[in-house]
Every structure is written in C-alpha cells, then in structure tokens.
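Take a look at the letters that make up each chain.
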Amino acid sequence: MILERRFLLGGLGLMGVAAAGMLFQSDRSTRREIETRAREELTREARTLQALLPRDSSGWAASLARTPSDAGRRITILDRTGRVVGDTEKSPAVGVSGPSTTDLLGDRPEIRSAIAGRVGVDRRRSVTTGEQTLFVAVPGTPIVRTAMVLRSADPAVRRARVTMMAGAGVVLLLGGLVLWLTGRFVSRQLTMLEGAVRDLPTAEGPRLERSRIPELIGLHDTLREVSTRIRSRFVELHQESQQGDALVDAMVEGVLACDRRGTVTRANPAARRLLGYGPEEALPLLPALFRQKQARALADAALRGDTVTNGELPLDDRTLLASARPLPGGGTVLVLHEVTELRRLETVRRDFVANVSHELKTPLTSITGYVETLLHDTTDPVTTHQFLTTIRNNARRMQDLIDDQLDLARIESGHYTPVPRPLDSGAAIRDAWAPFAEGAARRGLAWRLETDTPPPTLFADPNALRQILSNLFSNAIRYTGEDGSITCQVRHQEGGVDIAISDTGIGIAGDHLPRIFERFYRVDPSRSRDEGGTGLGLAIVKHLVESHGGQVTAESTLGRGTTIHCWFPAEPAPRGD
C-alpha cells in the first residue's frame with residue numbers, strides 16, 4: 001500500500017474514531033442537559049401546584065383533577081406518610097374506599113427524600129407506564145411529585161445528533177482532503193529523496209527540486225555535501241584499489257580471495273599459472289580447485305575461518321606452500337608459493353640420510369668385520385669361503401636395499417605414473433609366482449591360486465603388478481614356516497578386483513598391524529634382517545597400488561598367518577590422481 005493511501009486511511013480512521021467519540025459524548029451531554037432542565041422544570045411545577053392547593057386535604061384530589069397536565073407528564077399528591085391522595089394517572093386501586101397498599105409510595109427514593117425534607121429526584125422505569133421516567137418530589141404539606149417520561153426528550157436528542165453527524169461528515173471530508181494532499185506531498189518528497197540518495201555515488205550527484213520548507217532545504221544541502229564527499233572518497237578508493245591490484249598482479253606468489261561460500265572472487269596471474277587456469281577462465285569453488293585430500297582439508301580449514309601458516313599443498317607433480325587468513329567480512333585469502341624443487345631436494349637428502357644410513361649400517365659393519373678378519377688373520381679355506389659368502393650376501397642385501405629405496409623414492413616423488421592396461425589376472429599372478437616356486441617347494445610350502453570363473457580382467461601396469469606380487473610373495477615365503485601354505489585369491493569386489501595373498505606364517509600382532517606399510521617398519525627387526533628383508537617391500541606395494549587408484553589392507557592373527565588385500569578399480573584411474 002502506497003504512502004498516500006496509508007496516510008489517508010490512517011488519518012480518516014483516527015478522525016472517524018474521534019468523531020464517533022464526540023457523537024457519543026454529545027449524545028450523553030444532550031440527554032444530561034435535557035434531564036437537568038426537565039428536573040428544574042418539574043421542580044418548579046411541583047412547587048407552583050403545591051402553593052395553589054387548598055389547605056383542606058379533602059379538596060386536594062378535586063383540585064388536582066381540575067389541573068391541566070401535558071402529555072407525558074404525571075402529578076401525584078401524597079400526605080406526609082407517603083399515601084397517595086391524588087394522581088393524574090390514577091392506578092386501578094386509587095379511589096377505592098379505605099387505604100390501599102398500592103397507594104403507599106413511601107418506599108420510593110424520591111418520596112423518602114421529600115418526607116425527610118429534601119427535594120427527591122429519581123430516574124427509573126415506571127411501574128405504571130413501563131417507560132423510563134424522571135420523578136421529582138418536593139417536601140411540604142402535601143408532598144407533590146411530578147414525573148415526566150424521558151421519551152419525550154428523544155426528538156431533541158435526535159436533532160442534536162443529526163447536527164453533530166453533519167458537522168462530523170464535513171470535518172471528515174475536509175480532513176480527508178487535507179490528509180490526501182499532505183500524504184501526496186510527503187510521498188513525493190520521500191520519492192525525490194530516495195532518488196537523490198540513490199544518485200549519491202554517481203558523477204552527477206543527487207537531483208533535488210527546490211523546496212520552500214526550511215527542513216527540506218537543509219536536508220537537500222546536506223545531501224549535496226555528502227555526495228561531494230562520497231565522490232571524492234570514491235576517487236581515492238579507486239586509486240588505492242588500482243595500486244593494490246597492480247601490486248597483487250606483480251607478485252610471484254599466487255593470491256586467491258574467496259567469499260564464505262568458497263567462490264573465488266580474485267585470482268592474480270601467478271595463482272592462475274600455478275593452478276593451470278587461463279587469464280579469463282572461470283575458477284571453480286575453492287575446494288574443487290584441489291583434488292588431493294590434504295589440499296582439500298586445508299581449503300576447508302581456510303573457509304572455516306582458521307588461520308593456516310605454511311601448509312603444504314601437493315598439486316599434481318608440484319608442491320605448494322599455502323598460507324590462509326580470514327577476511328573481516330567473511331571468506332579467506334590464500335597465498336600460494338611453489339616449493340616443489342626445494343621440497344624434492346629436502347626429501348632426497350632426508351630420506352637418504354635417515355633411511356639408507358640406518359639400513360646400510362648393519363651389512364656394512366658385517367662386511368667390514370669379515371674383510372678385516374680375512375686381511376689380518378690366516379683362515380682355512382672353509383672359513384674363508386664362509387666369510388666371503390657372508391660378505392656377498394650382505395653386499396646383495398645392500399644392493400636390494402638401494403634398488404628398493406630408489407624405486408620408492410621415484411614413486412613418492414610423483415615422477416612415476418603407471419600405465420594400466422587390461423591383464424588376465426590368473427596368468428599375471430602365475431608369472432609373478434614362477435621365480436619363487438622352486439624355493440617354496442624346497443621349504444615344503446604349498447601354493448594355490450583361486451579365481452572366479454572366468455578369471456577377472458585386471459587393469460594395471462604389468463611391471464608394477466609384478467613388483468607388487470613379488471614383494472608380497474617374498475614376504476609370505478619369508479614369514480611362513482616349513483610345510484605351510486600360501487594362497488592367492490582373485491575376486492570381483494565392489495566395482496573392482498581384489499587380490500588377497502594369505503599365508504599360514506607367524507602372523508602380526510594387532511598393535512603392529514596399522515604400521516606395517518610404513519617404510520623400514522619391522523615387527524621383529526632382528527628376524528627381518530636375518531631373513532634378508534629391506535623393510536621397504538610393503539611400502540612399495542602400498543604406493544604402487546594407490547597409484548592405480550586402489551587401496552591396500554591387511555588382516556592378521558598372531559601365530560595363524562597374514563592376509564594382504566590389494567584392491568584395483570575395474571577401470572584405470574585418471575592420471576595425476
């Protein structure tokens with residue numbers, strides 16, 4: 001509802017309520033005034049009649065009968081006890097010889113007051129006529145009571161009411177016109193001010209009509225002054241914004257600004273280059289920019305408003321260092337710095353120093369000890385052969401360790417990408433087992449392959465699959481005692497193919513099971529070294545399977561054997577995931 005109509009209806013409503021109240025009050029006042037005049041008139045009539053009555057009470061009734069009475073008027077003469085002596089509208093009991101109880105009116109309020117010596121007045125419904133009647137009784141001898149039916153005052157009340165209603169109608173009409181004009185003027189002024197406020201930031205400034213109202217003149221001047229200040233500040237902010245944009249665009253680090261929903265609102269050229277997007281290409285939501293779990297977790301933390309400092313984001317074959325700060329109005333700003341080469345060098349150095357030095361210490365110590373013995377002591381041919389065999393075994397162990405370390409470093413660095421193709425799972429597993437078959441037979445180990453019919457087709461890199469199976473078969477043989485068994489099961493499972501290699505070996509305790517895929521982690525270090533393991537086999541298996549988009553799990557019961565599950569997806573995983 002527009003302002004003019006609200007203004008008009010609201011004002012008319014208020015005036016209508018006020019007019020109704022005035023009519024009601026006027027009606028009451030008119031009736032009260034008429035009753036007051038009627039009471040005075042009845043009192044005068046009663047006193048006049050009382051003065052004209054004879055002194056002899058026997059002539060009161062006859063004298064009253066000769067007195068003329070107006071319509072709607074009633075005169076009653078009573079003695080000092082309240083007994084009716086005469087009445088212009090005598091009830092049926094009046095005139096009967098002897099006193100009658102209906103002629104006794106001493107219990108009426110106005111009669112009681114007259115008997116007490118006061119002028120009595122009462123307003124009630126008459127028992128005789130059944131209408132509202134005003135009674136006035138004056139004291140004296142005799143008591144004269146006059147009465148008037150109030151209905152006779154209705155014409156005067158109606159005339160006054162009609163006059164008041166006519167006046168109220170004229171007031172409502174004129175008031176409505178004034179309200180409509182006022183509302184139209186106010187609405188027009190507000191509409192003009194609304195447009196002026198909307199035009200404040202524009203170059204032209206607010207468009208305001210001239211007004212003769214002092215308050216509006218002052219408001220117009222204020223709006224013009226505010227408009228001038230806003231335009232000046234807008235120019236300053238625009239210049240500052242251009243300077244800030246130039247600085248951000250010139251940064252080597254990538255800068256991303258996002259709102260609270262993750263929508264990228266600003267990305268400098270360095271950020272687009274790091275993320276692989278063109279200058280005009282639309283960017284997805286912040287969590288969708290990264291596919292790795294770690295990167296998505298960092299993006300989620302930044303959107304929650306957390307402060308992130310130097311968090312690493314793996315991105316394809318690169319490593320980014322990310323810092324995030326929440327924005328005051330919600331959202332976050334993310335700064336990306338590529339540290340791929342630095343991290344690669346640090347990883348190579350750390351892994352080589354920490355892992356290789358630790359794992360090479362034992363075989364090198366053994367080789368050194370046996371070589372010094374051979375150089376300084378004279379030994380028989382059998383002992384010499386035994387020492388040289390030990391030196392050779394330790395040298396081979398070091399060679400295996402170095403080879404596995406290089407493979408694992410290549411996989412973890414992201415430089416390795418499998419090339420999956422469809423393989424016959426049964427044939428691939430038999431080929432991988434072939435190099436171990438003779439050694440397993442010498443130890444009395446039984447081996448069997450269980451597959452679905454026909455054998456499932458496996459999407460995997462052939463070389464990677466051979467390395468996975470070789471490590472698992474080697475571990476199974478190493479930790480399974482004589483006359484044990486090794487079983488390989490291949491089944492369709494949950495949109496992929498599951499290869500499960502089970503042995504009846506020593507098993508793994510539950511507290512060690514979650515860590516067996518960590519490199520160089522050994523449940524029994526001394527036994528592993530005696531058996532010739534490098535401690536990298538299961539770590540290589542895990543990384544190779546995951547590079548295919550699969551996953552590796554382990555089940556084991558101490559003393560009853562271990563089962564390793566390698567699940568590969570039915571379709572090859574996209575490269576770079």
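I will try to describe carefully the structure that is included in this document.

Reading the values: rules and limits
- Residues numbered from 1 in each chain as written.
- Predicted model: local features only at pLDDT ≥ 70, side-chain atom pairs only at ≥ 80, totals over all residues.
- Heavy atoms only, no water.
- Axes fitted to C-alpha atoms, helices over the stretch in contact; angles between N-to-C directions.
- Helix = DSSP H or I, 4+ residues; strand = E, 2+ residues; numbered from the N terminus.
- Parallel < 35°, antiparallel > 145°, perpendicular 65-115°, else oblique.
- Left-handed = near helix turned anticlockwise from the far one by under 90°.
- Contact = heavy atoms within 4.5 Å.
- Salt bridge = Lys/Arg side-chain N within 4 Å of Asp/Glu carboxyl O.
- Buried < 20%, exposed > 50% of the residue type's maximum accessible area, 1.4 Å probe, protein only.
- Core = buried A, V, L, I, M, F, W, Y, C linked by side-chain atoms within 4.5 Å.
- Pairing = 2+ DSSP bridges.
- Polar contact = N/O pair within 3.5 Å; in protein donor to acceptor, adjacent residues only side chain to side chain.

Below, the discussion takes up the packing of helix 10 (residues 425-442) against helix 11 (residues 462-478). The angle between the axes and the distance between the axes are what describe a pair of packed helices. Viewed as axis vectors pointing N to C, helix 10 and helix 11 meet at an angle of 30 degrees, and their least axial separation amounts to 9 Å. Between helix 10 and helix 11, the angle falls in the class roughly parallel. The handedness of the crossing between helix 10 and helix 11 is right-handed. Facing Ala428, Ile429, Asp431, Ala432, Trp433, Phe436 and Ala440 of helix 10, the residues of helix 11 in contact are Leu465, Arg466, Leu469, Ser470, Phe473, Ser474 and Ile477.

Below, the discussion takes up the pattern of salt bridges. Considering all chains together, one arrives at 16 salt bridges under this definition. The salt bridge involving Asp87 is made with Arg74; its shortest N-O contact spans 2.8 Å. Linking Asp87 in strand 2 (residues 84-87) with Arg74 in strand 1 (residues 73-78), this pair joins segments that are 13 residues apart in sequence. For Asp87, a relative accessible area of 12% gives the class buried. Notably, a salt bridge pairs Asp452 with Arg491, separated by 3.6 Å at the nearest N-O pair. You can see Asp452 sitting in the loop between strand 12 (446-451) and strand 13 (457-460) and its partner Arg491 sitting in strand 14 (residues 485-493), a full 39 residues away along the chain. Ionic contacts of the salt-bridge type, sharing partners, join the residues Glu110, Asp122, Arg124 and Arg145 into one network.

This part takes up the nonpolar core. Counting residues in hydrophobic clusters, the biggest one holds 41 residues, and the most contacted among them are Leu465, Ile499, Cys566 and Phe568. For this core, the elements supplying multiple residues, two or more each, are helix 10, strand 13, helix 11, strand 14, strand 15 (496-503), helix 13 (537-547), strand 16 (551-557) and strand 17 (561-569). The element best represented in this core is helix 11, accounting for 8 residues. Discounting residues that sit within four places of it in the chain, Leu465 has contacts with Leu423, Ala428, Leu458, Ala460, Ile499 and Phe568. Ranked by size, the runner-up nonpolar core spans 24 residues in total, among them Val264, Ala299, Leu313 and Leu334.

On to the environment of Arg515. With respect to the helices and strands, the residue Arg515 is situated in the loop between strand 15 and helix 12 (525-531). On the accessibility criterion, Arg515 (39% relative accessible area) is partly exposed. Taking C-alpha positions, Arg515 is 9.9 Å from Ala539, a pair spaced 24 residues apart along the chain.

Take the sheet that holds strand 8 (residues 308-315) next. Strands sit in the order 7-6-10-9-8 across an open sheet of 5 strands; the sheet is antiparallel. Edge positions in the sheet fall to strand 7 (264-267) and strand 8, since each of these pairs with one other strand and no more. Strand after strand, the sheet turns through a mean of 25 degrees between neighbouring axes, direction not considered. Judged from the 6 bridges that link them, strand 8 and strand 9 (residues 318-326) form a sheet pairing that is antiparallel. In the strand pairing of strand 9, Leu313 is matched with Leu320. Sitting on the sheet, helix 7 (residues 293-303) touches strand 8, strand 9 and strand 10 (332-338), and the angle it makes with strand 8 is about 145 degrees.

Residue position: Thr562 is located in strand 17. At 2.9 Å, the side chain of Thr562 and the side chain of Ser556 are in polar contact. Every residue in contact with Thr562, bar those within four places of it in the chain, is listed here: Ile501, Ser502, Asp503, Gly507, Ile508, Glu555 and Ser556.

Where burial is concerned, the two faces of strand 3 (residues 120-125) differ: the one with Gly120, Asp122 and Arg124 is buried and the one with Val121, Arg123 and Arg125 is not. In this structure, strand 3 lies alongside strand 4 (residues 132-138), joined through 6 bridges in antiparallel fashion. Paired with Asp122 across the two strands is Phe135, which belongs to strand 4. Hairpin geometry of strand 3 and strand 4 is characterised by an intervening segment of 6 residues between the two adjacent antiparallel strands and by a positive phi of about 75 degrees at Gly130.

Read these as spatial facts, not as claims about activity.
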